[in-house]
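Structural characterization, general
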Amino acid sequence: MESGLISVDRWKSGSQAYFLSHMHSDHTRGLSDVWSHAPLFCSHTTASLFPSRFPGFDLSLLRVVSLSSSWQSLSLLSPSNGSPVLLHFIAIDAHHCPGSVMFMFRGDFGCFLYTGDFRWECDDAASGNEARTTLLAAINDFPVDILYLDNTYCNPIYTFPSRQVAASLIADIILSHPSHDIVIGIDSLGKEELLLHISRILNIKIWVWPERIRTMHLLGFHDVFTTDTSLTRVRAVPRYSFSIQTLEGLNLMCPTIGIMPSGLPWLKRPFKGDGDLSGSLLTSTTCDNSSRKPAAQQQRGLLLQGAVHMFRDNMFSVNYSDHSCYEEIGEFIKLVKPKSMKGIVVSSSCYVEPLYYFGRVCGVSQPPELLRVRPETTRGREEFRSVRIRSYSAKNETTVSKKERWRKGDGHSSLKRNKKRRARIQVKCAKIAEVD
C-alpha cells in the first residue's frame with residue numbers, strides 16, 4: 001500500500017484516514033484532545049469512550065465501523081500522482097477488550113489483515129464463532145497478502161488456559177479465602193468479563209475506582225460495580241498501584257490477598273519458597289468439589305500448577321490473558337494462511353518475529369535476531385536467556401562490513417567488534433511489560 005493513504009494505530013500527520021483498533025493507551029499514543037488530522041474509523045464502543053478519554057476531541061471526526069461481513073468503501077487519492085484509490089475494509093471482533101477490532105483492507109494494492117491486540121479463542125462462544133465466520137468468508141474471497149499480527153506471546157514458552165477457565169481459577173482462589181479481602185490488579189479498560197464472573201460466583205458487587213466506574217457505566221454495566229468499600233470485600237485496583245508494599249500495608253489492617261490476572265508473571269522474583277502450590281488452599285475449589293471424580297481432580301490440579309503462581313502466602317499471579325497464546329496464534333495463522341506476516345509488537349520482553357516459528361505457513365523462513373527461550377530459575381530468580389541466532393552468509397558479511405566502515409569510519413575494527421557482537425550470547429533478566 002502506498003504511504004500517505006491510511007494509518008492504523010499511528011497518529012502522526014500525513015495520512016488521509018486513520019483507524020483505531022481499541023482504546024488501550026499503547027495504541028492511542030499520539031492521540032489528544034486537539035488531534036484533527038483526518039477522519040478516524042473505530043468501533044461503536046471505542047467511539048463511546050472518546051468523550052471520557054479525550055474530553056476536547058472533535059467527535060465529528062469519528063466514523064463508526066460496524067461489525068459485519070459487509071465491506072465498506074473509502075475513496076482516497078494517491079499521494080504520488082493524485083489518481084483515485086478505492087479502499088475496501090471490514091472490522092472483525094478481536095476479543096481483546098471492549099470495542100477492540102481487527103481491520104481487513106483490500107484494493108489494487110492487495111489484501112492486508114491487521115489484528116491489533118487480539119485473543120483467538122473461538123471454539124465455544126457464539127460471538128467467537130461469529131468473528132470466525134466473518135473472517136473465513138473474507139479470506140475465502142480475498143486471500144491475505146500480509147498479516148500484521150499481535151505477537152505479544154508468539155513464543156512456545158507461553159501457554160495458558162482459556163479466559164473462562166482462568167476466571168474459574170481466580171474465583172476458586174477467592175472462595176478459598178472466605179475471611180480475606182481481595183485486591184485484583186487491572187487496567188483502565190479490559191478484564192470486565194472476569195470481574196462479572198467473580199460477581200456472579202460470589203453474588204457480590206465489585207469495588208472499582210471512580211474513573212473506572214465511569215467507564216463501566218459507559219460500557220453498560222450499572223449494577224455490578226461500586227465505589228463504596230463497605231459493600232464488598234473484592235476490589236479491582238489500577239495495575240500500577242498493585243505492589244508488594246501496598247499489599248503488606250493492607251494486611252496490617254485486614255487479611256488481604258492480591259491477584260494479578262496476566263499472561264506474564266507480575267513478579268520477577270518469588271519471595272519465599274519455590275512457588276510450589278501443593279498443600280495450598282488452591283486445591284479446594286468450588287462448592288461442588290466433592291462430586292468431582294478423582295481423575296478430574298487430578299487434571300484440575302495439574303492445570304492449577306501451570307496457570308497459577310503463588311508468592312509468599314498472599315500474592316497470586318493467574319494466567320488470565322487478553323492476548324492469544326502461542327498455540328492460538330498458530331491456529332490463527334494456519335486459518336488465515338497469509339503470504340507474509342509481520343509482528344506489530346516489538347517492545348515485549350518475549351518478542352519473537354512470527355516468521356521465525358510460522359514462516360513455513362507462508363512458505364518463507366526468516367529467523368529473528370533475538371529469540372527468547374524458556375525461563376530459568378537462578379537462586380530464586382526467573383531469568384530469560386536471550387540468544388542471538390541470526391546467521392550471515394559471505395555476501396551478508398561483506399554487506400555488514402561496508403555498512404560498518406561507512407558508519408564508523410574504521411572498517412577493520414568495526415567489523416571485528418561486529419563479529420564479537422554476533423557471537424555473544426546474552427543472559428538478561430526478563431522485563432515485565434504491561435501487555436494485557
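One can find the structure itself at the top, above this paragraph.
On a predicted model such as this, the values are computed, not experimentally measured, just so you know.

**Overview of the environment of Ser 80**
Considering the arrangement of structural elements, one finds Ser 80 in the loop between strand S5 (72–77) and strand S6 (84–93). The class for Ser 80 is exposed, based on a relative accessible area of 57%. Taking the C-alpha atoms as reference points, Ser 80 and Gly 4, separated by 76 residues in sequence, lie 9.0 Å from one another. Within the structure, Ser 80 has its side chain in polar contact with the side chain of Ser 78 (distance 2.9 Å).

**A word on the pattern of salt bridges**
Taken as a whole and judged by the stated rule, the model has 10 salt bridges. Measuring nitrogen to oxygen at the nearest pair gives 2.5 Å for the salt bridge that ties Arg 163 to Glu 121. Taken together, the residues span a long stretch of sequence, with Arg 163 in helix H3 (residues 163–175) and Glu 121 in the loop between strand S8 (110–114) and helix H2 (126–141) at a distance of 42 residues. A relative accessible area of 23% places Glu 121 in the partly exposed class. One salt bridge connects Arg 212 with Glu 192, and the closest N-O pair in it is separated by 2.9 Å. With a gap of 20 residues between them, Arg 212 in helix H5 (residues 210–218) and Glu 192 in helix H4 (residues 192–202) connect regions that are remote in the sequence. Taken individually, Arg 212 and Glu 192 each receive the classification buried, so the pair is uniform in this respect.

**A word on the packing of H3 against H4**
Two elements in contact, H3 and H4, have axes separated by 10 Å at closest approach and are oriented at 45°. By the angle between their axes, H3 is oblique relative to H4. In this structure, the crossing between H3 and H4 has a hand that is right-handed. Residue-level inspection shows Ala 167, Ser 168, Ile 170, Ala 171, Ile 174 and Leu 175 of H3 in contact with H4, the latter providing Leu 194, His 197, Ile 198, Ile 201 and Leu 202.

Conventions and cut-offs
- Residues numbered from 1 in each chain as written.
- Predicted model: local features only at pLDDT ≥ 70, side-chain atom pairs only at ≥ 80, totals over all residues.
- Heavy atoms only, no water.
- Helix = DSSP H or I, 4+ residues; strand = E, 2+ residues; numbered from the N terminus.
- Buried < 20%, exposed > 50% of the residue type's maximum accessible area, 1.4 Å probe, protein only.
- Polar contact = N/O pair within 3.5 Å; in protein donor to acceptor, adjacent residues only side chain to side chain.
- Salt bridge = Lys/Arg side-chain N within 4 Å of Asp/Glu carboxyl O.
- Axes fitted to C-alpha atoms, helices over the stretch in contact; angles between N-to-C directions.
- Parallel < 35°, antiparallel > 145°, perpendicular 65-115°, else oblique.
- Left-handed = near helix turned anticlockwise from the far one by under 90°.
- Contact = heavy atoms within 4.5 Å.

Purely geometric stuff here, so don't read any function into it on its own.
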